[in-house]
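Listed here are the chains, written in short residue letters.
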Amino acid sequence: MANSSAGSEKSRSTRAYSRKNYVYKFRDFLLKTYPDILQSCSDDNQVHVSSNDNGVLLDVAGGKGTLSWLLNNCDNVNSVVADPRICKFDRLGKSVLYLKQNPDVASDRTREGKPTYQPLATLVVDGFFDHINDDSSNDGCSISSDFKKPQHLRLLVDNQLVHAMQRQGTDKANTKNSTTSPSSWCEYFDDASRRAREAMPLGYRELEDDNQGGALDEAGEVLRTLQSVKLVVGFHPDQATEACIDLAMCLGVPFCIVPCCVFPSSEFPNRRVKSNGERVNRYRSLIQYLKEKVPWCMRVAELEFSSDTAKNIVLYSLPEDMMCKEIVDQLP
């Protein structure tokens with residue numbers, strides 16, 4: 001019995017570790033698929049986004065912020081987290097410092113397929129963090145100021161946000177140089193901020209002081225940020241999956257999502273697949289439902305995950321696909 005329990009515990013540990021690594025595969029896909037867009041979202045001078053003419057990548061339901069942290073610190077991409085949960089980046093910075101100070105450990109953890117494999121170690125060994133000061137006197141608690149902390153938009157990405165953006169329009173010139181925001185947007189933002197604070201996606205209320213992201217909490221600043229979005233992405237974005245596509249269509253930009261959970265009873269009981277009327281109550285029907293939502297620009301790929309049961313299908317569009325949307329919009 002003891003051996004069986006130990007084996008089960010090891011299996012669970014390995015599976016959990018693999019899940020943490022999946023977001024690195026998604027980052028690789030984004031780098032290969034959207035080089036020009038990511039270049040347009042570069043933030044060489046780390047100027048605050050509200051005063052920056054460069055674009056931003058919107059990381060929907062980014063959770064603790066791993067993807068945005070990697071894009072900011074490894075790839076110089078201005079990626080903003082949109083999630084009601086607070087961001088926690090310091091653990092990543094501590095891991096980088098530890099690996100830089102222990103190169104033998106870092107080298108061992110680059111061996112894919114081993115239980116100790118850590119994609120972050122590969123990035124360290126490959127020199128992505130050579131610019132980070134790894135002073136050996138670091139006490140393990142202080143995080144180098146060289147790390148960029150992605151900005152955090154604490155909102156639910158849902159139908160209400162999409163409708164609010166539709167009311168405002170996407171012309172950045174309307175608000176770029178304005179010191180005030182439309183009253184309708186301010187009303188939406190106040191209510192949305194309250195709903196985000198009251199949401200408890202983890203089952204408990206998080207402490208505001210634990211948030212390690214750069215908070216975007218002024219209505220006009222948030223509107224200008226959203227109007228600067230060049231790409232909407234979501235890695236297992238749960239309830240926000242469909243809204244990622246809707247928001248991208250509203251903004252006229254591409255999207256790239258990896259759907260996961262379906263929520264057929266609690267959140268979306270009325271979803272039906274257009275082609276066959278089937279109720280969307282499982283993963284495959286969710287994929288089909290989303291593919292039929294915008295068929296003129298929907299592309300499909302798969303990420304290489306180690307688990308056969310992992311949700312690895314990528315639904316995405318490219319900048320040139322948005323021309324198809326413009327043509328469809330003009331049809332009588």
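Let me begin by describing the structure that accompanies this report.

**A look at the overall build of the protein chain**
Consideration 1: Along its length, the protein chain carries 12 helices and eight strands.
Consideration 2: Each of the 332 residues in the protein chain was classed as buried or not, and the buried ones make up 48%.
Consideration 3: Once local pairs closer than 6 in sequence are excluded, the contacts in the protein chain between residues at least 24 apart make up 67%.
Consideration 4: As displayed, the protein chain has an accessible area near 16600 Å², and 47% of this comes from carbon and sulfur atoms.

**So, the pattern of salt bridges**
Consideration 1: This model, assessed by the stated rule, comprises 16 salt bridges.
Consideration 2: The residue Lys114 makes a salt bridge to Asp108 at a minimum N-O spacing of 3.0 Å.
Consideration 3: Given a relative accessible area of 25%, Asp108 falls into the partly exposed group.
Consideration 4: Residues Lys293 and Glu242 are paired through a salt bridge, measuring 2.8 Å at the closest nitrogen-oxygen approach.

**Remarks on the environment of Ser317**
Consideration 1: Its location among the elements puts Ser317 in the loop between β8 (313-316) and α12 (321-330).
Consideration 2: Overall, the relative accessible area of 0% leaves Ser317 in the buried class.
Consideration 3: Residues Ser317 and Pro254, spaced 63 residues apart in sequence, show a C-alpha to C-alpha distance of 5.2 Å.
Consideration 4: Leaving out residues up to four positions away in the same chain, Ser317 has contacts with Tyr34, Pro254, Phe255, Cys297 and Met322.

**Looking at helix α7 (residues 159-168)**
Consideration 1: When α7 is considered as a whole, its buried residues turn out to be Leu161, Val162, Ala164, Met165 and Gln168. Angularly, the buried residues of α7 cover 160 degrees about the axis, an arc narrow enough to put them on a single face.
Consideration 2: Among the structural elements, α8 (183-198), α9 (219-227) and α10 (241-251) are those in contact with the buried residues of α7.
Consideration 3: Once α7 ends, the next one or two residues include Gly169, with phi positive near 80 degrees.

**So, the packing of aromatic side chains**
Consideration 1: Inspection of the entire model under this criterion finds eight aromatic pairs.
Consideration 2: Measuring from centroid to centroid gives 5.1 Å for Trp185 and Tyr188, while their planes differ by 45 degrees, and the two rings are tilted. Of the two residues, Trp185 and Tyr188 are both situated in helix α8; the distance of three residues between them amounts to about one turn of the helix.
Consideration 3: Plain terms: the ring middles of Phe235 and Phe305 are 6.4 Å apart, the flat faces sit at 75 degrees to each other, and that makes the pair edge-to-face. Taken together, the residues span a long stretch of sequence, with Phe235 in strand β5 (residues 229-235) and Phe305 in the loop between β7 (299-302) and β8 at a distance of 70 residues.
Consideration 4: We classify Phe235 as buried; its relative accessible area is 15%.
Consideration 5: One cation-aromatic arrangement involves Arg27 over Phe128; the distance from NZ or CZ to the ring centre is 5.4 Å.
Consideration 6: Here the guanidinium or amino end of Lys311 rests over the ring plane of Tyr283, the centre of that ring lying 5.4 Å away.

**Remarks on the sheet that holds strand β1 (residues 56-60)**
Consideration 1: What the eight strands build is an open sheet, ordered β4-β3-β2-β1-β5-β6-β8-β7; its pairing is mixed. Lying at the two open borders of the sheet, with one neighbouring strand each, are β4 (214-215) and β7.
Consideration 2: In the packing of helix α3 (residues 66-75) onto the sheet, the strands contacted are β1, β2 (79-82) and β5, and the crossing angle to β2 comes to about 170 degrees.
Consideration 3: Sheet strands in contact with α9 are β1, β2, β3 (151-153) and β5, and its direction is about 90 degrees off that of β5.

**Some thoughts on the nonpolar core**
Consideration 1: Core analysis: the biggest nonpolar cluster contains 50 residues, and Met165 and Trp185 have the highest contact counts within it.
Consideration 2: Per element, the largest residue contribution to this core is eight residues, and it comes from α10.
Consideration 3: Counting residues in hydrophobic clusters, the runner-up holds 44 residues, among them Val96, Leu99, Phe147 and Tyr316.

**A short note on the packing of α10 against helix α11 (residues 283-293)**
Consideration 1: Where α10 contacts α11, the two axes come as close as 11 Å, and the packing angle between them is 10 degrees. Compared by their axis directions, α10 and α11 come out roughly parallel. Residues Thr241, Glu242, Ile245 and Asp246 of α10 touch α11, and the partners they reach there are Tyr289, Leu290 and Lys293.
Consideration 2: Tallied by class, residues from the contact of α10 with α11 come to three nonpolar, one polar and three charged.

**Side note on the packing of α7 against α10**
Consideration 1: Closest axis-to-axis distance for the α7/α10 pair is 9 Å, and the angle between their directions is 5 degrees. With respect to their mutual orientation, α7 and α10 come out roughly parallel. Where α7 abuts α10, its residues Asn159, Leu161, Val162, Met165 and Gln166 lie against Ala243, Asp246, Leu247, Cys250 and Leu251.

**Describing the side chain of Thr241**
Consideration 1: Positionally, Thr241 belongs in helix α10.
Consideration 2: When its relative accessible area of 3% is taken as the criterion, Thr241 is described as buried.
Consideration 3: A polar side-chain atom of Thr241 sits 2.7 Å from the main-chain carbonyl oxygen of Asp238.
Consideration 4: Those residues in contact with Thr241 that lie beyond four places of it in its chain are Ile257, Pro259 and Leu290.

The rules behind the values
- Residues numbered from 1 in each chain as written.
- Predicted model: local features only at pLDDT ≥ 70, side-chain atom pairs only at ≥ 80, totals over all residues.
- Heavy atoms only, no water.
- Helix = DSSP H or I, 4+ residues; strand = E, 2+ residues; numbered from the N terminus.
- Buried < 20%, exposed > 50% of the residue type's maximum accessible area, 1.4 Å probe, protein only.
- Contact = heavy atoms within 4.5 Å.
- Areas by Shrake-Rupley, 256 points an atom, 1.4 Å probe, with all protein chains shown as cover.
- Salt bridge = Lys/Arg side-chain N within 4 Å of Asp/Glu carboxyl O.
- Arc of directions from axis to C-beta.
- Phe/Tyr/Trp six-rings, centres within 6.5 Å; stacked < 30°, edge-to-face > 60°.
- Lys NZ or Arg CZ within 6 Å of the ring centre and 35° of its normal.
- Pairing = 2+ DSSP bridges.
- Axes fitted to C-alpha atoms, helices over the stretch in contact; angles between N-to-C directions.
- Core = buried A, V, L, I, M, F, W, Y, C linked by side-chain atoms within 4.5 Å.
- Parallel < 35°, antiparallel > 145°, perpendicular 65-115°, else oblique.
- Nonpolar A, V, L, I, M, F, W, Y, C, P; charged D, E, K, R; others polar.
- Polar contact = N/O pair within 3.5 Å; in protein donor to acceptor, adjacent residues only side chain to side chain.

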